[in-house]
Amino acid sequence: MTVALPKDPTLDEVRVFLAPELATQAAFDGWNEKAVLAAADLNNIDADLARLAFNDGAVDMIDAWFQAVDAKMAAKYSADELAAMKVRQRIKLLVEARLEAVAADREGLRRAVAILAAPPHLRRAAKLGWRTADRIWRLTGDTATDYNHYTKRTLLAGIYGSTISVFLDDESEDFAETRAFLDRRIENIMQFEKVKAKVTGRGGDRFSMARFVGRLRYRGA
C-alpha cells in the first residue's frame, strides 16, 4: 500500500488501510477472520487491532472493500474529464473503472456475491448496490432531487448487478463480453430516460413514482 498508517492508528484508519487487500485474502480463506489476519500480517498490522477493526463479520468486511473499490473508481477520472463527456459515456467509463478495480480479485468478489445473496443479507446487499449507484450518478454530476433521483439509482444498481453476473464468468479478451453487455444495458437506461421524460413532461407519474420508490428505500430503515 502506498498510504502509511499513523503511529497510533484508529480502528477506522486500520479498516481503510486494510480494506483494499481483503478480497485477495478472501479468495483463499473466505470472508472471515483468517483473511483479516493474513492482510494484517502482510502489512505488519497488529492482529488484535485488525480483529477489532473488522469485528462485525463477513458483510462488514465486504462493505469496507466495496468502499475502497468505490474510492478507486472515483479517482480514475477528474471532474473536468467527466464534464467533457456525455452522460452515457460518464456512466459507462465509471462502471468500467469499478470493474477494473475488482478484476484482479474476481474469486474474492464471487465469494462476496454469494454471501450477499443469502436471504439474511439481501437488505444490506441492496443498500451497498444503491450506494455505488449513487456514487456513480453523483460523479456524473447528477443533482436530481425528485423521483428521478430514485429511479436513476434503482436502474443503475440493477444494471451493475446484472453486469457483475456476466463479469464473473467472462473469459473473453479484456472482458469484451462484459463491456458489450454493459453497453446494451446502458442503452436501455438512455431509452428509458427518453420515454420517461416524454411521459412526465405531460404530467404523468411524477407523484406516485416518487412515493413508491421512496417507500422502497426507507421502509423499515
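Check the entry above for the structure.
Here the structure is a predicted model, which is why all the values come from computation and not from measurement.

Novice: What is the right way to look at the overall build of the chain in this model?
Specialist: Of regular secondary structure, the chain possesses 11 helices and 0 strands. Ordered by position from N to C terminus, the α and β elements of the chain give α-α-α-α-α-α-α-α-α-α-α. Put simply, the chain has 221 residues, and 42% of those count as buried. By sequence separation, contacts in the chain at least 24 residues apart represent 67% of the contacts at least 6 residues apart. As displayed, the chain offers around 12200 Å² of accessible surface, 56% of which is attributable to carbon and sulfur atoms.

Novice: Teacher, can you tell me more about the pattern of salt bridges here?
Specialist: Side chains bearing opposite charge may pair, as long as their charged atoms lie close to each other. Tallied over the full model, the rule gives 20 salt bridges. Across the pair Arg51 and Glu33 runs a salt bridge, and its minimum N-O distance is 3.3 Å. Residue Arg51 is located in helix H3 (residues 47-53), and its partner Glu33 is located in helix H2 (residues 33-42); the two are separated by 18 residues in the primary sequence. In this structure Arg51 comes out as partly exposed when scored by relative accessible area, which is 31%. The residue Asp142 makes a salt bridge to Lys152 at a minimum N-O spacing of 2.7 Å. Note that Asp142 is positioned in the loop between helix H8 (122-139) and helix H9 (147-168) and Lys152 in helix H9, a separation of 10 residues in sequence. Here Asp142 falls in the buried class, since its relative accessible area comes to 12%.

Novice: Please explain unusual backbone geometry as it appears in this structure.
Specialist: Leaving glycine aside, a negative phi is the common case for residues, and trans is the common case for peptide bonds. The backbone of Asn44 sits at a positive phi, close to 55°, despite the residue not being glycine. Residue position: Asn44 is located in the loop between H2 and H3. Among the residues examined, Asn44 registers a relative accessible area of 73% and is labelled exposed. Here the phi dihedral of Asp174 falls at roughly 55°; this positive angle occurs in a residue that is not glycine.

Novice: How should I be thinking about the nonpolar core in this particular structure?
Specialist: It is characteristic of soluble globular proteins that their nonpolar side chains tend to be buried jointly. The biggest cluster of nonpolar side chains holds 52 residues, and the ones touching the most others in it are Leu18, Trp31, Phe54, Trp65, Val95, Leu109 and Leu156. Leave out the neighbours within four places in its chain, and Val95 touches Ile136, Leu156, Tyr160 and Leu182.

Novice: For this particular structure, what's the right way to read the packing of helix H4 (residues 58-75) against H8?
Specialist: Angle between the axes and distance between the axes are the two parameters that describe a pair of packed helices. Between H4 and H8, whose axes approach to 11 Å, the crossing angle comes to 10°. By the angle class used here, H4 and H8 are roughly parallel. Contacts between H4 and H8 involve Val59, Asp60, Asp63, Phe66, Gln67, Asp70, Ala71, Met73 and Ala74 on the former and, on the latter, Arg124, Leu128, Arg131, Thr132, Arg135, Ile136 and Leu139.

The rules behind each value
Residues numbered from 1 in each chain as written. Predicted model: local features only at pLDDT ≥ 70, side-chain atom pairs only at ≥ 80, totals over all residues. Heavy atoms only, no water. Helix = DSSP H or I, 4+ residues; strand = E, 2+ residues; numbered from the N terminus. Buried < 20%, exposed > 50% of the residue type's maximum accessible area, 1.4 Å probe, protein only. Contact = heavy atoms within 4.5 Å. Areas by Shrake-Rupley, 256 points an atom, 1.4 Å probe, with all protein chains shown as cover. Salt bridge = Lys/Arg side-chain N within 4 Å of Asp/Glu carboxyl O. Core = buried A, V, L, I, M, F, W, Y, C linked by side-chain atoms within 4.5 Å. Axes fitted to C-alpha atoms, helices over the stretch in contact; angles between N-to-C directions. Parallel < 35°, antiparallel > 145°, perpendicular 65-115°, else oblique.

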